[in-house]
Amino acid sequence: MTDNRFSSLSVDAEDMSTGNLSRKLEKMKRMQERNPMVERAGKIQALERIVNPPIPVQSKKKKNNKKSLEKEAEKQRIYHERMVEKEKKRVKKEEEERKREREYEEYKKDMKDKEDERKRRKLMSDSYAMEQIDKFKDHKLIDEFVNLKMRDLKYCILMVLYWLVYSTEIIRLIMSKVKKSMLDIPIKLFIQPDIYDYIRRKYKNNKTERTLKLKYHPDKTNGKTNQLYIFLHNIMNEKIEL
């Protein structure tokens, strides 16, 4: 069997486009310039040694031949290092581009989260709540709030007035003025926190509505929240269905 000195070189699919080794070498070098790869650089070196093998010289020229080989080896070493450095730069550039893309995606997500939070706060704004309260409040509701508050304060006020030894007529006059002054208190201060939180929302929430209906139904409060229940029912009918 004839020994083929080219059989030791592994040629992949990209090297098989032509049967001429010199043309293969030039093609691989062009591909390496466009897209440096460490593995291809090694193949180029191996093919370079096959296509351009050292030329045997006579003994009197061995010294010059050695220098020529050393010069060629240095040239190949520099070329290889250049290709490796170019590949490193390419990889680094791709990593930096991926990093910029990740940062941009994070920035878009952060902006979206902020916009969603802004919309959520808008849906739960105090101004919207006051619009709804002003729309459905009436004197009956205000009277009910004041009477409930007066019922809580009446005992304490009367105790102080009796202790100060005021006459019944004066006590009655003072209580009337206290009640009248309470009518000037903003209705927002009378509304229970859980009801006010619900009023701030634009959209319906069936679970919250069931809870409020059970809690403030007149049957549960001995008739103390008749007007509040009507007011709450009107607010619920105004909510937007999701």
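Check the entry above for the structure.
Residues numbered from 1 in each chain as written. Predicted model: local features only at pLDDT ≥ 70, side-chain atom pairs only at ≥ 80, totals over all residues. Heavy atoms only, no water.

Student: Please explain the nonpolar core as it appears in this structure.
Tutor: Within soluble globular proteins, side chains that are nonpolar tend to cluster in buried spots. The biggest cluster of nonpolar side chains holds 26 residues, and the ones touching the most others in it are I191, I195, I199 and F231. When residues of this core are traced back to their parent elements, those giving at least two are α4 (126-136), α5 (139-163), α6 (168-182), α7 (193-199), α8 (206-216) and α9 (226-238). If we ignore the near neighbours within four places in the chain, the residues touching I199 are Y128, A129, Q132, I133, I191, F231, I235 and K239. Grouped together as the second largest cluster of nonpolar side chains are seven residues, M28, A41, L47 and M83 included. (Core = buried A, V, L, I, M, F, W, Y, C linked by side-chain atoms within 4.5 Å. Buried < 20%, exposed > 50% of the residue type's maximum accessible area, 1.4 Å probe, protein only. Helix = DSSP H or I, 4+ residues; strand = E, 2+ residues; numbered from the N terminus. Contact = heavy atoms within 4.5 Å.)

Student: Any chance you could explain unusual backbone geometry here in plain terms?
Tutor: Most peptide bonds take the trans form, and the phi angle of most residues other than glycine is negative. One non-glycine residue, N222, lies in the positive phi region at around 60°. Counting through the fold element by element, N222 comes out in the loop between α8 and α9.

Student: Sorry if this is basic, but what is going on with a nonpolar patch on the surface here?
Tutor: Taken together, the side chains of V160, W163, L164, Y166 and I170 present a nonpolar region at the surface, about 530 Å² in accessible area. Looking at the secondary structure, you find I170 in helix α6. Exposure remark for I170: the relative accessible area of 38% places this residue in the partly exposed category. (Patch = residues over 30% accessible without salt bridge, like charges linked within 9 Å, V, L, I, M, F, W, Y side chains within 5 Å. Areas by Shrake-Rupley, 256 points an atom, 1.4 Å probe, with all protein chains shown as cover. Salt bridge = Lys/Arg side-chain N within 4 Å of Asp/Glu carboxyl O.)

Student: Explain the packing of aromatic side chains to me, please; I cannot follow it from the model alone.
Tutor: Think of a pair of aromatic rings as described by two things: how far the centres are apart, and how the planes are tilted against each other in angle. Applying the stated criterion to the full structure yields one aromatic pair. The interplanar angle of 5° and the centroid separation of 5.8 Å between the aromatic rings of F145 and F190 together place this pair among those described as stacked. Residue F145 is found in helix α5, and its partner F190 is found in the loop between α6 and α7; the two are separated by 45 residues along the sequence. By the burial criterion, F145 is buried, and F190 matches it. K239 extends its terminal NZ or CZ atom over the ring of Y198, reaching a point 4.8 Å from the ring centre. (Phe/Tyr/Trp six-rings, centres within 6.5 Å; stacked < 30°, edge-to-face > 60°. Lys NZ or Arg CZ within 6 Å of the ring centre and 35° of its normal.)

Student: Mind showing me how you'd approach the pattern of salt bridges here?
Tutor: Proximity of charged atoms lets side chains of opposite charge pair with each other. Enumeration over the complete set of coordinates arrives at 16 salt bridges. Across the salt bridge formed by D194 and K215, the nearest N and O atoms sit 2.9 Å from each other. Pair noted here: D194 is in helix α7 and K215 is in helix α8, with a separation of 21 residues, a long-range link. The exposure class of K215 is partly exposed, given its relative accessible area of 44%. For D197, the salt bridge is made with R201, and the minimal N-O distance between the two is 3.3 Å. With relative accessibility at 28%, the residue D197 sits in the partly exposed group. Salt bridges here are not isolated pairs; linked through shared partners, they connect E74, R77 and E81.

Student: Got a minute to help me understand the packing of α8 against α9 in this structure?
Tutor: For any two helices packed against each other, the geometry is given by the interaxial angle and the distance between the axes. Two numbers describe how α8 lies on α9: the axes approach to 10 Å, and their chain directions differ by 170°. Classified by the angle their axes make, α8 and α9 are roughly antiparallel. Two secondary-structure elements touch here, α8 through E209, L212, K213 and Y216 and α9 through L228, Y229, L232 and M236. Residue composition of the contact of α8 with α9, grouped by class: six nonpolar, no polar and two charged. (Axes fitted to C-alpha atoms, helices over the stretch in contact; angles between N-to-C directions. Parallel < 35°, antiparallel > 145°, perpendicular 65-115°, else oblique. Nonpolar A, V, L, I, M, F, W, Y, C, P; charged D, E, K, R; others polar.)

Student: What should I look at first to understand the side chain of Q45 in this one?
Tutor: Relative to the elements of secondary structure, Q45 occurs in helix α2 (residues 38-51). For Q45, a relative accessible area of 19% gives the class buried. Not counting chain neighbours up to four residues away, the residues in contact with Q45 comprise Q76 and H80.

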